[in-house]
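A closer look at the structure
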Amino acid sequence: MGKGSNVQKAQAARERNQKKVGKSDEERRAASAKAKLDSAAFMCKICRQTFMCNAKPSLLYLHVTSKHPDKVNSLTECFDALAGFDPADPDGKK
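Not measured: the values here are computed from a predicted model.

**A short note on the state of the cysteines**
Here the structure, examined in full by the defined rule, presents zero disulfides. Between C78, a free cysteine, and C44, which holds the nearest cysteine sulfur, the sulfur-to-sulfur gap is 3.9 Å. The class of C78 is buried, set by a relative accessible area of 0%.

**Some points on the environment of L37**
Summarising the element assignment, L37 is placed in helix α2 (residues 25–39). By relative accessible area, L37 is classed as exposed at 64%. Between the C-alpha atom of L37 and that of C53, which follows or precedes it by 16 residues, the distance is 8.4 Å.

**Notes on the pattern of salt bridges**
Tallying each qualifying case throughout the model produces three salt bridges. Between R28 and D25 there is a salt bridge, with its nearest N and O atoms 2.9 Å apart. Remark: D25 and R28 occur in helix α2; sequence separation between them is three residues, near one turn of the helix. With a relative accessible area of 52%, D25 lands in the exposed category. Its salt-bridge partner being K71, residue E77 comes within 3.2 Å of it at the nearest N-O pair. Judged by relative accessible area, which is 39%, E77 ranks as partly exposed. Given the relative accessible area of 23%, K71 is considered partly exposed.

Cut-offs used in this document
Residues numbered from 1 in each chain as written. Predicted model: local features only at pLDDT ≥ 70, side-chain atom pairs only at ≥ 80, totals over all residues. Heavy atoms only, no water. Disulfide = S-S within 2.5 Å. Buried < 20%, exposed > 50% of the residue type's maximum accessible area, 1.4 Å probe, protein only. Helix = DSSP H or I, 4+ residues; strand = E, 2+ residues; numbered from the N terminus. Salt bridge = Lys/Arg side-chain N within 4 Å of Asp/Glu carboxyl O.

Structure below.
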């Protein structure tokens, strides 16, 4: 028994080469744009530091207290997402 026809071998070679090529320019641009949006999901209005989209309000509050201690009473001056945030209950479990 042979190991397959030349057509099958050529198809397998094409598939192997396709995997080596990787992403197209269009796919790279889309991935890059998504990464930019995700990385700058939360941005401090004062110092412009960015936080990932999965940053919890407790982490944003920690930033305010450590970097901008004078703004602790007005959290929304740094992040709009901290509107209604309760420092006594950082995870919102109460």
